[in-house]
Amino acid sequence: LLRTSAPQDTLREGRSPITNQDNSPEYLLPGSHERPLMALLPNSSQPETPSCVRDLSLSCWNPPPGHRKMQGDFLYITVVTTEGRRCDITSCPKGFFLNRFHLPPLEALPTPYHTLSWLGPPCSSRVHKNTFSRLGVDEQPAQAPDWNEELQAARDLPQGSLEERLQRDKALLQVNSAFVRAVTQGAENVIDGFVEPVNGNPEDPAFLWGGLFMSQGAASDVFGGERAAQRLELKGVQAYSDIEGSQGLHTLPTAVVDYRGVRLSAQGLAPGIEGSEGLLYGVNAGPQESPQRRCLLEHLAQAAKALSIQRHVVVSPKGNVVPLFTSIDAQGLVGADRRFYVLDVFRSFPADANFCPEALKEMEDTGFPKSFPHGLCRLRPELLQAFIQHNWMKMEALKSVRQQVRDPKHYCSNIFCLEIKAYNFFFLMVGDSRSTSAVREACKEVGSISLIIFEMRFNPNIYSPGVKFPRTENESTNLQRRLLQEAAAFIITHQIPAFVSLILNRHNDVLCPVDGASLKKALHHKGINLRYLGHVVKAINQSEDKERLRHILRIAIGEIFMRSTKRIFNNFVQGVDVSSLSAAVSHFLCCLLVPHYMPPSIADDMKKKSRRRGRGAGPSESTPWSTLTAAELWNMVCQDAAETYGISDTLGLICYSTGPNHLVEQYGLQKLSLLREFCLKTGIQLRLKDYFLDNQNKAPLNPEDILNIFPVVKHLHMPIVDASKAFRTAQISLQKGLLDQAYEQLKEATYLYGRVCDDLHPDACYCHSVLARVAFLKGMVKKCIHSICEYFYTCSLAQKCLLRARLLMLTVHGEDHPYTAALDVSLHNLLCLGLVMTGSQSEQYLKNALKLNTSFFGATNLHTALSQHLLAQLMCSKGDYRSAMAHEKEALSFGEDHAQTRCSTEFLSTITKQAVRVERSMRQAGPECIEQTVEVHFTIICN
């Protein structure tokens, strides 16, 4: 799309930039059901060149790239003949074979972390270092890096000035980026079997590679969720790392990686323990007292205040009473580097009482509490913050009511001080006894741990199996159980309805969910865990605006389906040999996408390969993965979805009907969108080509289409503190309507982001997006256009980018989304500005936008009225005054008090007079009248 001819090209050639040819491909036009994938990446025009042989040595292409490793390649040999010809030979389980390859030209942009692409070039390859390596394993440096020391050294950098803070943030980002790259490479080597375990435990093997300690982190039988424990450990480390002003408490560099169905937890090696004291903090720590222990307790108390964790007392396995500032699993120690470390923080957040069978609650029509596949369901910190703020507002209302009841004349005789810091809200009142009594009653009513100040904290060990509390803590424990039950109910009664309301009010916003990742981000922003997806679906189905929320329902159903499918795939792919990975993955995808797919005979498949490649047919017996059928896969997916999300009524029909076709017909899901989501979640990379997914029996993919399986890494996010603060300040200015001030603050934030990270960082991208919108609102776009060539170039480039955005939108979600209407309106406006008003395309885009806006917003919404107004302008330019007046009258139904209504009224009056004038002229002139040119002033309104 970006390489097509543009108006500025015609200007350079001396031709007019005005063209009457349609510029948009047919698959981008509204109503098209074609979803080509070849347009997503540039095609390579470089022909294949044979690789040819003088020296015999190991090739620098070792180790094999992922798409060849999955075909069974061991290593590559380079042979150069005396004629100067060179070739590469592949060694695989079936012998040695001559290769042919070519390198497609790809433009690489630097990013702080590895970017996973689910589509690869037709002949995908990766850049290899020009060094020799052992069989399948890259050469490691003589001394493995100490990742923990590098990270702690970066964290200990000075922060006195802005320049020092920027250098510190940049160093942290660089260290974490290098750590993530090492984790990615180490996970491949470990799972592929090139690293031997160091503990000799086959059930929970541990590995050392490149300065990393990697393990599957099997949790105890009490929890029943190894993956959940590793994910929560990463979140706990992130929470302790983000505490401002806590420089004395350290955590290890941590990441979680999924590869070939196995999840590994990777950490930097912890330093040795300083002295002979051993553990300084923990339920199993000794009762020793020392200055180091007191200093560690001070750091933990400060962290507990920031994380809203209550100091509590538990009974240790030895019968001792132990005070804790963390969960019962956490341990504190001082390392050989004389730094304080906190470890095992995977239960730092309080338990979700909705999924704790021990929680006895009386909640009508909710079905809680209920069981869950694992016992590590915890509340998110965003929910705790919202719950605390809700209770503070509730306490304020209760206090006011009680004061007015006791003394209606008493309103302003007290002094209030409110401090909001790190999720804690403190309220202090000084006054007479009646006011103090009102505060005490209000604090007790909302569950404050203090009756003098409003302070809410949570005990992370409540509802934890095996944890015992002394009898003296009964009152505090009962209060904590009550708070956790209220917080869990708060998700159902407040947060999920608030999420639905937010979506209704922000339909065409750039933050509106378009796929599973954006839906996950929006839910987490409200503190809603993904295990509540079934309740989100239920809330949408029960909403009066269900039709307006159909795109969110579609995304939620697809996310449930893909997450359940991913869990089935993890178990499926773990027992597959490396040489059979491509065939196994393609077989799984065929069972997933084709409802009546039956696996072909293994013997027939091997015979086809032997005829095509000239190799031996090999064994003909079937393998366990090859016996999977589409019906079996869908039954397992539906069972997992019913157990995890409680939506058996929604997905139950799929098991007995037509599989994925039910999702397509009932919810409007695209098979292509499901395929993309699955590949992104599992790390699969497909060959770039157009796949035909509508066939009911034929396999849409083959083993050659599976290029690679990449590790999917979840890692710590290093905040860019000063830039983030400047951006938040700019957002506050925007909410107040201070555009000039917000613009300067956004420019400062953009500069600070550029000093630390590249422009492809997610936070930097969003900051640039907001800056562009504010600049447009300020009218600064006109100042940037100085010549007619630049004018045409700007319009053409914007049109190409919008076409690209529409292509991505159609691939990711489909056409039935409110943001598609915004894209179509913008395309219409650019077609007008670029003087490429073909009429047909512009009318198609605008009518599609009107249909979508009417469907999602209603006939009396501002977005619908703007679409009607623009369509009236377009009809007027074509001389169709009757249709123009009809559309403009529909636009006026928005309301007479709005400022835009006056513009529509004037335009309706103008075109009415013009229509009467033209009609009178035609009647006077008779049939020989030549149609007059109608000049219409267009007011371009950006939706």
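Preceding this section is the structure that the text describes.
Residues numbered from 1 in each chain as written. Predicted model: local features only at pLDDT ≥ 70, side-chain atom pairs only at ≥ 80, totals over all residues. Heavy atoms only, no water.

Peer 1: Teacher, can you tell me more about the sheet that holds strand 10 (residues 262–268) here?
Peer 2: Two strands in a sheet stick together by hydrogen bonds in their backbones, pointing the same way (parallel) or opposite ways (antiparallel). With respect to topology, 5 strands assemble into an open sheet ordered 6-7-10-9-19, the strand pairing being antiparallel. On the outer flanks of this sheet lie strand 6 (206–209) and strand 19 (712–715), each paired with one strand and no other. Neighbour-to-neighbour, the strand axes of the sheet open up by a mean angle of 25 degrees, direction not taken into account. (Pairing = 2+ DSSP bridges. Helix = DSSP H or I, 4+ residues; strand = E, 2+ residues; numbered from the N terminus. Axes fitted to C-alpha atoms, helices over the stretch in contact; angles between N-to-C directions.)

Peer 1: What's the story with the state of the cysteines in this structure? I'm lost.
Peer 2: Applying the stated rule across the entire model yields 0 disulfides. Not part of a disulfide, C590 finds its nearest cysteine sulfur in C591, a span of 7.0 Å. Residue C590 is classed as buried on the basis of its relative accessible area, which comes to 1%. (Disulfide = S-S within 2.5 Å. Buried < 20%, exposed > 50% of the residue type's maximum accessible area, 1.4 Å probe, protein only.)

Peer 1: Sorry if this is basic, but what is going on with the sheet that holds strand 18 (residues 706–709) here?
Peer 2: Spatial strand order, 5-17-18: 3 strands in an open sheet with mixed pairing. Two strands bound the open sheet, and with one partner strand each, they are strand 5 (119–120) and strand 18. Pairing of strand 17 (residues 684–687) with strand 18, which is carried by 3 bridges, proceeds in the antiparallel orientation. Bridging from a neighbouring strand, L686 pairs with I706 of strand 18. Of the strands in this sheet, strand 17 and strand 18 touch helix 13 (residues 581–593), which is tilted by about 105 degrees from strand 18. (Contact = heavy atoms within 4.5 Å.)

Peer 1: Can you help me understand unusual backbone geometry in this one?
Peer 2: As a rule of thumb, non-glycine residues mostly have phi less than zero, and peptide bonds are mostly trans rather than cis. Phi is positive for S308, which is not a glycine, with a value near 60 degrees. Mapped onto the elements of the fold, S308 is located in the loop between helix 6 (291–306) and strand 11 (312–315). Non-glycine residue Y463 carries a positive phi angle of around 65 degrees. By the element assignment, Y463 lies in the loop between helix 8 (433–446) and helix 9 (474–505).

Peer 1: So what exactly am I meant to see when it comes to the side chain of N570 here?
Peer 2: Examined against the element boundaries, N570 turns out to sit in helix 12 (residues 550–574). Aside from chain neighbours lying at most four places away, what touches N570 is R227 and G261.

Peer 1: Would you explain the environment of I453 in this entry?
Peer 2: Mapped onto the elements of the fold, I453 is located in the loop between helix 8 and helix 9. Separated by 14 residues in the primary sequence, I453 and V439 place their C-alpha atoms 8.1 Å from one another.

Peer 1: Explanation requested: the pattern of salt bridges in the structure shown.
Peer 2: Opposite charge on two side chains makes pairing possible when the charged atoms of those side chains draw close. Counted according to the given criterion, the structure contains 29 salt bridges. A salt bridge links K681 to E559; its shortest N-O distance comes to 2.9 Å. Note that K681 is positioned in helix 18 (residues 671–682) and E559 in helix 12, a separation of 122 residues in sequence. On the accessibility criterion, E559 (3% relative accessible area) is buried. We note a salt bridge from K778 to D740, for which the minimum N-O separation is 2.4 Å. A residue pair is termed long-range when its members are at least 10 positions apart, and K778 in the loop between helix 21 (762–777) and helix 22 (788–812) and D740 in helix 20 (residues 739–756) qualify at 38 residues. (Salt bridge = Lys/Arg side-chain N within 4 Å of Asp/Glu carboxyl O.)

Peer 1: Honestly, helix 13 in this entry has me stumped. Any pointers?
Peer 2: Because the α-helix completes a turn every 3.6 residues, residues three or four places apart line up on one side. For helix 13, which comprises 13 residues, the first-to-last C-alpha distance of 18 Å matches the rise-based estimate of 18 Å (1.5 Å per residue) to within 8%. Within helix 13, 13 of the 13 residues are buried, which leaves it mostly tucked inside the rest of the structure. (Expected span 1.5 Å × (residues − 1).)

Peer 1: Even after reading the chapter, I still don't get the packing of aromatic side chains, so can you show me in this structure?
Peer 2: Both the distance between ring centres and the angle between the ring planes are used here to describe each pair of aromatic rings. Considering all chains together, one arrives at 12 aromatic pairs under this definition. Aromatic side chains W147 and F179 sit 5.9 Å apart centroid to centroid with 70 degrees between the ring planes, which places their arrangement in the edge-to-face category. Taken as a pair, W147 in helix 3 (residues 147–155) and F179 in helix 4 (residues 162–191) lie far apart in primary sequence, 32 residues in all. The burial state of W147 is the same as that of F179; both residues are buried. Ring centres of F572 and F588 lie 5.1 Å apart, and the angle between their planes is 45 degrees; this geometry places the pair in the tilted category. (Phe/Tyr/Trp six-rings, centres within 6.5 Å; stacked < 30°, edge-to-face > 60°.)

In short, geometric facts, not functional conclusions.
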